[in-house]
Amino acid sequence: MELIYTGVGKKVYRDGDCLVKSFDETYSKADILNEALNQARVEATSLNVPKILGVSVVDGKWSLIWEFIEGQTLESLMEKHPEKTEEYLNFFVDLQIQMSKEKVPLLGHLRDKMHAKISASSYPASVRYDLHVRLDGLPRHNKLCHGDFQPSNIIIKADGTPYIIDWSHATQGNGSADAARTYLLFKLHGQDDLAEKYLRLFCTKTDTAIQYVQKVLPIVAASQSVKRKPEEAEFLAKWVNVCDWQ
């Protein structure tokens, strides 16, 4: 097998027409099986999603096996062709809107996941309380939410067909919360200009007030903070406290 990606606690290999994602002991069996289940459920939509082919133990480690999609990530295409940034960004937002129109009723709810992450964060009790209240005040939707929608998780085949990968964080819920996370990810990667262009484009195409998405940002920042990445702590704390509480 050819190692093609190494992340925290996981490695991804290519084995012919298959991808093998191998997890270390920091991942629970339940989390790994849940990722496979999420992927299988999203496969039932009209979206292009790599098919899960198996769940197995490879070299003593729990592993997921799915079909290999030949192509380039949208992230790499944007880096190679900066003159096409606007075109790629429009494509990206259109794909996110298409995704949000799908319904996957057996997925967990984003609201429940966010409440759990707020509770697990290290912010003071008064801040956590305000975040819980703000979250409960959001409209209740059941749109398909990716949870990590960014250009690196979109593979473009040679014929232009996009495949969305990495559904480990998939839920159903408020699409603007998913957009807020995408915006935050651009910011965390130091892509401030791209973040602002993305947010304006998303809000224009969906007829959503920018203030509405901004209202969700403290919640998303708090949920991101539970990853306990020291390099993100100061930035996320600023976003958690960026708005006046209601």
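In what follows, the structure referred to is the one given above.
Rules used in this analysis
Residues numbered from 1 in each chain as written. Predicted model: local features only at pLDDT ≥ 70, side-chain atom pairs only at ≥ 80, totals over all residues. Heavy atoms only, no water. Pairing = 2+ DSSP bridges. Helix = DSSP H or I, 4+ residues; strand = E, 2+ residues; numbered from the N terminus. Axes fitted to C-alpha atoms, helices over the stretch in contact; angles between N-to-C directions. Buried < 20%, exposed > 50% of the residue type's maximum accessible area, 1.4 Å probe, protein only.

(A) Structural detail: the sheet that holds strand 5 (residues 61-67). With respect to topology, five strands assemble into an open sheet ordered 1-2-3-5-4, the strand pairing being antiparallel. The sheet is open, and its two borders are formed by strand 1 (2-7) and strand 4 (52-58), each paired with just one other strand. Averaged over all adjacent pairs, the angle separating strand axes in this sheet is 20 degrees, with direction ignored. Sheet analysis places strand 1 next to strand 2 (residues 10-15), joined by five bridges and oriented antiparallel. Among the inter-strand pairings, Glu2 is bridged to a residue of strand 2, identified as Arg14.

(B) Looking closely at the pairing of strand 3 (residues 18-23). The element strand 3 is extensively covered by neighbouring structure, given that five of its six residues are classed as buried. Relative to strand 3, strand 2 runs antiparallel, the two being bridged by six bridges. The partner of Val12 across the bridge, within strand 3, is Lys21. Taking the residues that link successive antiparallel strands as the turn, the strand 2-strand 3 hairpin has two residues, and the phi of Gly16 there is positive, at about 70 degrees. Note that strand 3 and strand 5 share five bridges and pair antiparallel. If you follow Val20 over to strand 5, its bridge partner there is Ile65.

Functional significance is not addressed by these values, which are geometric in nature.
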